[in-house]
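Structural characterization, general
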Amino acid sequence: MKVTTVGTGYVGLVTGACLAEMGNHVLCLDVDAAKIARLEMGEIPIHEPGLLEVVRRNVAAGRLQFTTDVDRAVHHGTMMFLAVGTPPGEDGSADLQYVLAAARAIGARMTDYKVIVDKSTVPVGTADRVRTAIAEELARRGVELAFAVVSNPEFLKEGAAVEDFMRPDRIIIGSDDEQATLLMRAIYAPFTRNHDRLLVMDVRSAEFSKYAANAMLATRISFMNELALLAEQLGADIELVRRGIGSDPRIGYQFLYAGAGYGGSCFPKDVKALVRAAGDAGIPLRVLAAVEAANERQKLLMVDKIVARFGADLSGRHLALWGLAFKPDTDDMREAPSLVIVRELLRRGATVAAYDPVATEEAARVLGNLPGLSFASRADEVLEGADALVLVTEWKEFRTPDFECIKSSLKQPVVFDGRNVWEPALMKTLGIEHHGIGRGTVAG
């Protein structure tokens, strides 16, 4: 099948590459000429495990191509996957300018039947606006052509996006067009061979499903973070509590880890957009408003713990920081808790030496040339002479580090564990002062 993806970010590039892997002929369109040039040279603009190999393999096979030529892209695909950004506006609502611009570009150029697939995370009712935009362009041209607009929200986890696409737990299709539904079933058939995971529903319910899923996951995270704060006051261990409630099959273990707050391109943006949409509809979502507020507070929790240990004025203090990306296995710095932590530590007078396995370059770009901030290429390089170590992102290489090196490199063996990676009992036996989240403080 001939497929065009509009946008070559996380969603568009993963979608295009994985569809090509199953034999489709995919053309990826992006207006960013530099990004397309990198892709044509065999590079990818993001860190996503396994993606580079899939891209290179399908480029070599002739099934995956890249272009900035809008005419070529529209004429190529019967299936047009829209995977452009929907950044939050000042009021928190999703900005649809790129989605609607893509729709108008398709309507201005299409010459045969198209299925326009909303892959971006978009508010309920976006498919109607896309349909109207295309129809207006066709009317302006004086052309009558059949087309369909369907919703196909993505459920990809950064750091596991290729695996999620190739082995989905569900595929949601929002469609009211029989031919479009058949084509969508056909394109996803290779991904559901062992059992049918495809759910067909009306378009608005499909659009809503994506926001509802992310809001639910964000709620679980903030709920556990709030419980962690209470656990510290009551002398309970939130990790043991997590195991206790997670063993209930009605609850499960996923997204129950207390930590330094959530970030990324999805949860913060989607929670804000859903809260805004609910307000516009006259149905305030009070739980989600609390989820958002709790997360913003949580991002400062590590700083609060550092201040409690060293004092409000951190002048003269030097801190080592492990982990900058919002989560492991990605270089995505969008809404990362590390941004809030670093800026606040610097504001209080501290200096910070930071390390991340893959996100250092992106972090340096986002944070800029801040006085007192430095980066290193190895984890042990940031430790020397630091007053304490702050762990923000739970990369695998941080799980069992050389603790003797940590002790000997730091001025004093103090760690602030923002992801509860290290067991307090072990830290005590090693003589390391451990400050976790919801687990109390263990003196070394």
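Shown above is the structure to which this text applies.
To start, this report covers the structure provided alongside it. (Residues numbered from 1 in each chain as written. Predicted model: local features only at pLDDT ≥ 70, side-chain atom pairs only at ≥ 80, totals over all residues. Heavy atoms only, no water.)

**What about the packing of helix α9 (residues 203–234) against helix α10 (residues 238–246)?**
- Where α9 contacts α10, the axes come no closer than 10 Å and their chain directions differ by 130°. What the angle tells us is that α9 and α10 run oblique. The chirality of how α9 crosses α10 is right-handed. Where α9 abuts α10, its residues M224, L227, A228 and A231 lie against I238, R242 and I245.
- Along the lines of polarity and charge, the residues of the contact of α9 with α10 split into six nonpolar, no polar and one charged. (Axes fitted to C-alpha atoms, helices over the stretch in contact; angles between N-to-C directions. Helix = DSSP H or I, 4+ residues; strand = E, 2+ residues; numbered from the N terminus. Parallel < 35°, antiparallel > 145°, perpendicular 65-115°, else oblique. Left-handed = near helix turned anticlockwise from the far one by under 90°. Contact = heavy atoms within 4.5 Å. Nonpolar A, V, L, I, M, F, W, Y, C, P; charged D, E, K, R; others polar.)

**Observations regarding the sheet that holds strand β10 (residues 351–355)**
- In space, the seven strands of this open sheet follow the order β11-β10-β9-β12-β13-β14-β15, with mixed pairing throughout. What marks the edges here is a single partner per strand, and that holds for β11 (373–375) and β15 (441–442).
- In this sheet, strand β12 (residues 388–391) lies alongside strand β9 (residues 318–322) in parallel orientation, the contact comprising four bridges. Its bridge partner being in β12, W322 is matched across the sheet by L391. (Pairing = 2+ DSSP bridges.)

**Regarding helix α13 (residues 301–310)**
- For α13, a buried count of seven out of ten residues is recorded, marking the element as mostly surrounded by other parts of the structure.
- Listed in full, the buried residues belonging to α13 are L301, M302, V303, K305, I306, V307 and F310.
- Residues of α13 that are buried sit in contact with α9, α12 (286–298), β9, α14 (337–347), β12 and β13 (414–417).
- One or two steps after α13, the chain reaches G311, where phi turns positive at roughly 105°. (Buried < 20%, exposed > 50% of the residue type's maximum accessible area, 1.4 Å probe, protein only.)

**Quick look at the nonpolar core**
- Core analysis: the biggest nonpolar cluster contains 59 residues, and W322, L345 and L389 have the highest contact counts within it.
- Per element, the largest residue contribution to this core is six residues, and it comes from α13.
- C18, V26, F81 and V117 belong to the second largest nonpolar core, which has 38 residues in total. (Core = buried A, V, L, I, M, F, W, Y, C linked by side-chain atoms within 4.5 Å.)

**Section: helix α15 (residues 360–367)**
- For α15, the full list of buried residues reads T360, A363 and L367. For α15, the angular spread of buried residues about the axis comes to 60°, placing them on one side. Away from its buried face by more than 90 degrees, α15 exposes E361 and R365.
- Turning to α15, the residues buried within the fold contact α14 and β11.
- One or two residues past the end of α15 sits G368, with phi positive at roughly 75°. (Arc of directions from axis to C-beta.)

**Quick word on the side chain of H434**
- Tracing the sequence through the fold places H434 in strand β14 (residues 433–435).
- For H434, the side chain forms a polar contact with the side chain of D417, separated by 3.1 Å.
- A polar contact is formed between the side chain of H434 and the backbone oxygen of W422, at a distance of 3.4 Å.
- When neighbours within four sequence positions are excluded, H434 is seen to be in contact with V415, D417, W422, P424, M427, G440, T441 and V442. (Polar contact = N/O pair within 3.5 Å; in protein donor to acceptor, adjacent residues only side chain to side chain.)

**Digging into the environment of T219**
- Here T219 lies in helix α9.
- Counting along the chain gives 192 residues from T219 to K411, while the straight-line C-alpha distance between them is 38 Å.
- Not counting the four nearest positions on each side in its chain, T219 is found in contact with V287, L288 and V291.

**With respect to the packing of aromatic side chains**
- Enumeration over the complete set of coordinates arrives at ten aromatic pairs.
- When the ring of F165 is compared with that of Y188, the centres are 6.2 Å apart and the planes differ by 40°; the resulting orientation is tilted. Of this pair, F165 sits in helix α7 (residues 161–166) while Y188 sits in helix α8 (residues 178–188); the two residues are 23 residues apart in sequence, bridging distant segments of the chain.
- Here a set of aromatic residues connected by ring pairs shows up, and it is made of W322, Y355, F398, F403 and W422.
- Above the ring of F155, the side-chain terminus of R170 is found at 3.7 Å from the ring centroid. (Phe/Tyr/Trp six-rings, centres within 6.5 Å; stacked < 30°, edge-to-face > 60°. Lys NZ or Arg CZ within 6 Å of the ring centre and 35° of its normal.)

Take it as geometry only, folks, not as evidence of what the structure does.
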